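# Geometric and topological summary
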Amino acid sequence: MNYDFKTIEKKWQDKWVSEGTFFAENDSKKPKYYVLIEFPYPSGMGLHVGHPRSYTALDIVARKRRLEGYNVLYPIGWDAFGLPTENFAIKNKIHPKKVTHDNIARFRKQLQSLGLSFDWSREVDTTDPEYYKWTQWIFLKMFEKGLAYKKEMSVNFCTSCKVVLANEEVVNGVCERCHSEVIRAQKSQWMLKITEYAQRLLDDLDDVDYIERVKIQQRNWIGRSTGAEVKFATSAGDNLVVYTTRPDTLFGATYMVISPEHPLIDKWSDRLTNMDAIRAYQKEASKKSDFERSEVAKDKTGVKLEGVTAINPVNGREIPIFVSDYVLMSYGTGAIMAVPAHDERDYDFAKAFDLPIIEVVAGGDVTKEAYVDIANGVMINSGFLDGLKVQDAIKTIIEWLHEKGLGEPKVNFKLRDWVFSRQRYWGEPIPIVKCEKCGYVAIPESELPLRLPEVESYEPTDTGESPLALMTDWVNTTCPHCGGPAKRETDTMPQWAGSSWYFLRYMDPHNHDALASPEALKYWNSVDWYNGGMEHTTLHLLYSRFWHKFLYDIGVVPTKEPYKKRTSHGMILGEGGEKMSKSRGNVVNPDEIIDEYGADTMRLYEMFIGDFEKAAPWSSESIRGCKRFLDRVFGLYDMITDGDGYSPKLEAAMHKTIKKVTNDIEILKFNTAIAALMSLLNEIYAKKSITRGELKTFLILLNPFAPHITEELWSMAGFEGMIAGQSWPGYDEQKTVDESIEIAVQVNGKLRGTIKIAVDSSQEDALKLAYENEAVKAAVDGKKIVKEIYVKNKIVNIVAK
RNA sequence: GCCCGAGUGGCGGAAUUGGUAGACGCCCGGGACUUAAAAUCCCGUGGGAGCAAUCCCGUGCCGGUUCGAGUCCGGCCUCGGGCACCA
């Protein structure tokens, strides 16, 4: 009989849908388990072979949990607002709503053909007004609590298109489409105060089970540092306040640097005699992004302020002030004290501008490079700090600054507030109006959802406003507070908004009265296992944790953290090891793979391709091995013999394989779990028979990986029900342990032979056998035995001279 | 530049706390079956020397710790992810 995957896969996919096999229940007696993958952005390119890697992995987890007796929620939805859809709509003159609808239809069909056990009755779509009603509602709550505010921020502005550009649309400093110059323009933007949650976002990482590199990345992104804010008097009268993590090096501060956007520049414009040069420098700096500005490799640039100097508070010395773009207004106070002897960037700048370098921490050679070691350094040239270790000097100087009223200890975060405005059409409208009398006023909750109006053109206006600004009928409204004339906010929300809480909506997706009912939120609690790409580690993951904590604070959700466990998968690359992209022409279409080999082979290959956590190149040759394996699995039908138990020949292998597959799935070792199943199949083929009991276990173990073929064989063999209704097999630890093992014998660390000994043999027995080995005899012949090492069940090593 | 990862046969990869490097699969070679081919099945397969038993070399590079290092430490090199308006 042939393995006709097309017929088999269609048959079981239809059956799962018609029987509602994978529906999650909100009031089950079983323990719950919530499995989550990052919902896709339905791009016009269709599904990428990278998507199923994560989806199949957690589908395996979901299916295994069901077999282990859990009520499993494994949902799917669409993160459908965003720039690419809008740009496609503009280019092809099709409404983004239509583009989104078509893309979703295609993605849905493609995902269904993979046999993923999603609960399709809970599908969500961030662009559905019934969904974004609650995205807007959360924003209103944040506004109400003072977490949303307006601030002047710099944006990329194309001088030719006259539109605000996303960072991605700026390529090498010019507009991606028209190649014109892009400048940094100032624009008033809605901001969310994620910084208010910085400490909690950091602290609560200790309570969640995220893979370590995700935690490290989040901690570094939040970037907590301790130091001091120090006041420097200036000749202009104003104090210049700096933030420093190294107040111990204050005696070595030989100049100061302020960022080009620093407000004191304008204030001092009358006193500054070289204002033209400063203005020109500000203009140049405004063209660069923060990223370009912080590149150390570049030559340091800057302009000295002529007419205003500062006083170093510890020694009263007059020092110059520079403006330079390596100091960012968005971090600290936008001003630094420069200690060239002990900071690399300051060192480079001092060399470029021929400024004095005073060593205040001994231990390095500051004539050659900055000495930045804080563990071993000892203070010198620093008055009352001399002789102290760096850490003690920091404490001493902070106390001294505090007593003199010159400075205070200060905790700083790298994390910045979230820029929440987009001057774009295809996003959630921000539900705020601006009233001349009352200022920014929230629209009443009863008016939610504030629907995205139909517009003629989705292109941003040439003033840099969102296309919504042209909809005067929609923009002009009345103030909900005073009833006077008011204008609606025309900016929309970023794509991140809808994805910051979608996992909550899955819990109760059709609720009209709340984002989800309190009962559903309580029952499903938090996500048990969330898998996604490393590229979402800092932004999406942090944003959604922030929103969740806010919802916890206002009593909507019962947990402080949204995700109990977070894992990450590597990318699937093109055949040549490069990233798959249209321009490289190396994109693999999953539809073609499924058509040629079937969904089960596709799933199996995606899991067998390599280490789940690492990137792996696609191989159109290797996938054949997975197809061959399934062909052989299908061939088991012709080898079935009677017997509900395991045959003596296969018993140990069965128990070992159950143990291996059971454990490997939990630690993301899908590739080695499959390898174990392949080895077991090889043993069955060598024996040319399989008992009904062995077949049952084999099919259940393979089912999460290849659900269609295993259900088919289950049914062909005449077993009752579906595998989906069975239990995960157990194993007997005793039966996984061999009675005797082969261990290595080394002489001077070099392998000379192996011996077969009973498990847990004594050193005496092991050495006796080892010396009987011919190669070992030869290797120690005529030498003096210096040392004999025996590690139980591992190795014998004889050191001979 | 900053933060985080990763480098193992011709290829994808495997290898409890440091303990027989190369499981499993691909490719390739040989054989069986076939008029023939495909498919399938069996065997071989890190590199080098040797008729052979066997020996030497080998986990990006340089150095260190250890009876023993793919694994630990120090210093590099290369590649990938992120850098706040792509998602």
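From N to C terminus, chain A includes 26 helices and 34 strands. Projected onto the principal axes, the alpha-carbon positions of chain A cover approximately 100 × 85 × 50 Å. Within chain A, contacts between residues at least 6 apart in sequence are counted, and of these 72% link residues at least 24 apart. Distance between charge centroids for chain A: 1 Å, based on 102 positive and 114 negative side chains.

Let us now look at the sheet that holds strand E23 (residues 476–478). Reading across from one edge, E22-E21-E24-E23 is the order of the four strands in this open sheet, with antiparallel pairing throughout. A single partner strand is all that each edge strand has here, and the edge strands are strand E22 (439–442) and E23. Recorded for the sheet is a direction-independent mean angle of 45 degrees between the axes of neighbouring strands. Strand direction decides the pairing type here: E23 and strand E24 (residues 485–488), joined by three bridges, are antiparallel. If you follow threonine 478 over to E24, its bridge partner there is proline 485. Across the face of the sheet, helix H5 (residues 129–144) comes into contact with strand E21 (432–435) and E22 while running at roughly 130 degrees to E22.

In this section: unusual backbone geometry. Following leucine 448, the chain continues into proline 449 via a peptide bond in cis, with omega recorded as -5 degrees. Looking at where proline 449 falls in the secondary structure, it is placed in the loop between E22 and helix H13 (472–475). Unlike most non-glycine residues, leucine 668 shows phi in positive territory, near 65 degrees. Position of leucine 668 relative to the elements: it lies in the loop between helix H21 (648–666) and helix H22 (670–687).

This next bit is on helix H23 (residues 692–702). In terms of residue burial, H23 counts as a mostly covered element, since nine of its 11 residues are buried. Along H23, the residues that are buried comprise Gly693, Glu694, Leu695, Thr697, Phe698, Leu699, Ile700, Leu701 and Leu702.

What follows concerns the protein's contact with RNA strand B. For RNA strand B, the set of nearby residues contains 73 residues, the closest of which are Asn167, Gln189, Ile609, Arg632 and Asn797. Each atom of RNA strand B within 4 Å of the protein was classed as base or backbone; sugar and phosphate made up 62%. Within the side chain of aspartate 79, a nitrogen or oxygen atom sits 3.1 Å from a sugar or linking oxygen of RNA strand B. Looking at which element gives the most residues to the surface near RNA strand B, the answer is H22, with six residues. Its residues assigned to classes, the surface near RNA strand B comprises 30 nonpolar, 22 polar and 21 charged.

With that settled, consider the sheet that holds strand E26 (residues 565–569). Consider a sheet: its strands pair through backbone hydrogen bonds, and that pairing is either parallel or antiparallel. Spatially, five strands are ordered E2-E1-E25-E26-E10 in an open sheet, and the strand pairing comes out parallel. Both edges of this open sheet fall to strand E2 (71–73) and strand E10 (209–210), since each of them pairs with a single strand only. Pairing between strand E25 (residues 529–533) and E26: four bridges, direction parallel. Paired with glycine 533 across the two strands is histidine 569, which belongs to E26. Helix H2 (residues 51–67) contacts strand E1 (32–37), E2, E25 and E26 of the sheet and is inclined by roughly 170 degrees relative to E1.

Looking now at empty space enclosed by the protein. In total, this model carries three cavities of 30 Å³ or more according to the counting rule given. Lining the second largest cavity are Phe22, Arg63, Arg66, Leu67, Asn703, Ile723 and Ala724. Looking at the lining of the second largest cavity, its residues break down into four nonpolar, one polar and two charged.

This part is about the pattern of salt bridges. Two side chains that carry opposite charge are able to pair once their charged atoms sit near each other. Under the definition given, this model contains 46 salt bridges. In this structure, glutamate 68 and lysine 64 form a salt bridge, with 3.0 Å as the shortest nitrogen-oxygen distance. Across the salt bridge formed by aspartate 206 and arginine 219, the nearest N and O atoms sit 3.5 Å from each other. You can see aspartate 206 sitting in the loop between helix H6 (198–203) and E10 and its partner arginine 219 sitting in helix H7 (residues 212–222), a full 13 residues away along the chain. Ionic contacts of the salt-bridge type, sharing partners, join the residues Lys64, Arg65, Glu68 and Glu666 into one network.

What follows covers the packing of H7 against helix H17 (residues 539–553). The axes of two packed helices give the description: the angle between them and the distance between them. It is the contact of H7 with H17, at a shortest axis distance of 10 Å, that shows an interaxial angle of 75 degrees. Here H7 is positioned roughly perpendicular relative to H17, judged by the angle of their axes. Taken together, the residues of H17 that come into contact with H7 (itself represented by Val214, Gln218, Trp221 and Ile222) are Leu539, Leu541, Leu542 and Arg545. Looking at the contact of H7 with H17, its residues break down into six nonpolar, one polar and one charged.

Turning our eyes to something else, we now look at the side chain of glutamate 711. Summarising the element assignment, glutamate 711 is placed in helix H24 (residues 707–716). It is arginine 63 that comes nearest to the buried, bridge-free glutamate 711 among opposite-charge side chains, at 5.8 Å. A polar contact is formed between the side chain of glutamate 711 and the backbone nitrogen of alanine 724, at a distance of 3.1 Å. Those residues in contact with glutamate 711, other than ones at most four positions away along the chain, are Trp12, Trp16, Asn703, Met722, Ile723 and Ala724.

Let us look at the pairing of E24. Of the two faces of E24, the one holding Ala486 and Arg488 is buried and the one holding Pro485 and Lys487 is not buried anywhere. Between E23 and E24, which pair antiparallel and follow one another directly, the connecting turn spans six residues, one of which, glycine 483, has a positive phi of 80 degrees.

Let us now look at helix H4 (residues 96–112). The terminal C-alpha atoms of H4, which comprises 17 residues, lie 24 Å apart, in line with the 24 Å expected from a rise of 1.5 Å per residue. Every buried residue of H4 is accounted for by Pro96, Val99, Thr100, Asn103, Ile104, Phe107, Gln110 and Leu111. Mapping the buried residues of H4 onto a view down its axis gives an arc of 130 degrees, with all of them on the same face. Facing away from the buried side of H4, by more than 90 degrees, are the exposed residues His101 and Lys109. On its buried face, H4 is in contact with H2, strand E3 (77–78), helix H3 (83–92), strand E4 (124–125) and helix H18 (590–597).

Right, let's talk about the packing of aromatic side chains for a bit. Summed over all chains, the structure comprises 44 aromatic pairs. Geometrically, the ring pair formed by phenylalanine 139 and phenylalanine 420 is stacked, given 5.5 Å between the ring centres and 5 degrees between the ring planes. Here phenylalanine 420 lies in the loop between strand E20 (418–419) and E21 and phenylalanine 139 lies in helix H5, a separation of 281 residues in the sequence. Looking at phenylalanine 139, the relative accessible area reads 0%, which means it is buried. Classification of phenylalanine 420 by relative accessible area gives buried; the value is 0%. Each member of the aromatic cluster is reached from another via a ring pair, and the members are Phe139, Phe143, Trp190, Tyr197, Trp418, Phe420, Tyr440, Trp496, Tyr543, Phe546 and Trp547. Taking NZ or CZ as reference, arginine 63 lies 4.8 Å from the ring centre of tryptophan 16, over its face. Across the ring face of tryptophan 474, the terminal group of arginine 488 is positioned such that the distance to the ring centre comes to 5.4 Å.

A few words on the environment of serine 28. Note on placement: serine 28 falls in the loop between helix H1 (5–19) and E1. In contact with serine 28, not counting residues within four places along its chain, are Asn71 and Tyr523. Among the polar contacts listed, one links the side chain of serine 28 to the backbone nitrogen of lysine 30, at a separation of 3.0 Å.

About the cut-offs
- Residues numbered from 1 in each chain as written.
- Chains lettered and ligands numbered in written order.
- Predicted model: local features only at pLDDT ≥ 70, side-chain atom pairs only at ≥ 80, totals over all residues.
- Heavy atoms only, no water.
- Helix = DSSP H or I, 4+ residues; strand = E, 2+ residues; numbered from the N terminus.
- Contact = heavy atoms within 4.5 Å.
- Lys, Arg positive; Asp, Glu negative; His and termini not counted.
- Charge placed at Lys NZ, Arg CZ, Asp CG, Glu CD.
- Pairing = 2+ DSSP bridges.
- Axes fitted to C-alpha atoms, helices over the stretch in contact; angles between N-to-C directions.
- Buried < 20%, exposed > 50% of the residue type's maximum accessible area, 1.4 Å probe, protein only.
- Near = heavy atom within 4 Å.
- Polar contact = N/O pair within 3.5 Å; in protein donor to acceptor, adjacent residues only side chain to side chain.
- Nonpolar A, V, L, I, M, F, W, Y, C, P; charged D, E, K, R; others polar.
- 1 Å grid on protein atoms, 1.4 Å probe; cavity = no way out; pocket = protein on both sides within 12 Å on 5 of 7 lines; lining within 4 Å.
- Points joined across faces, edges and corners; volume = space filled by probe spheres on them.
- Salt bridge = Lys/Arg side-chain N within 4 Å of Asp/Glu carboxyl O.
- Parallel < 35°, antiparallel > 145°, perpendicular 65-115°, else oblique.
- Expected span 1.5 Å × (residues − 1).
- Arc of directions from axis to C-beta.
- Phe/Tyr/Trp six-rings, centres within 6.5 Å; stacked < 30°, edge-to-face > 60°.
- Lys NZ or Arg CZ within 6 Å of the ring centre and 35° of its normal.

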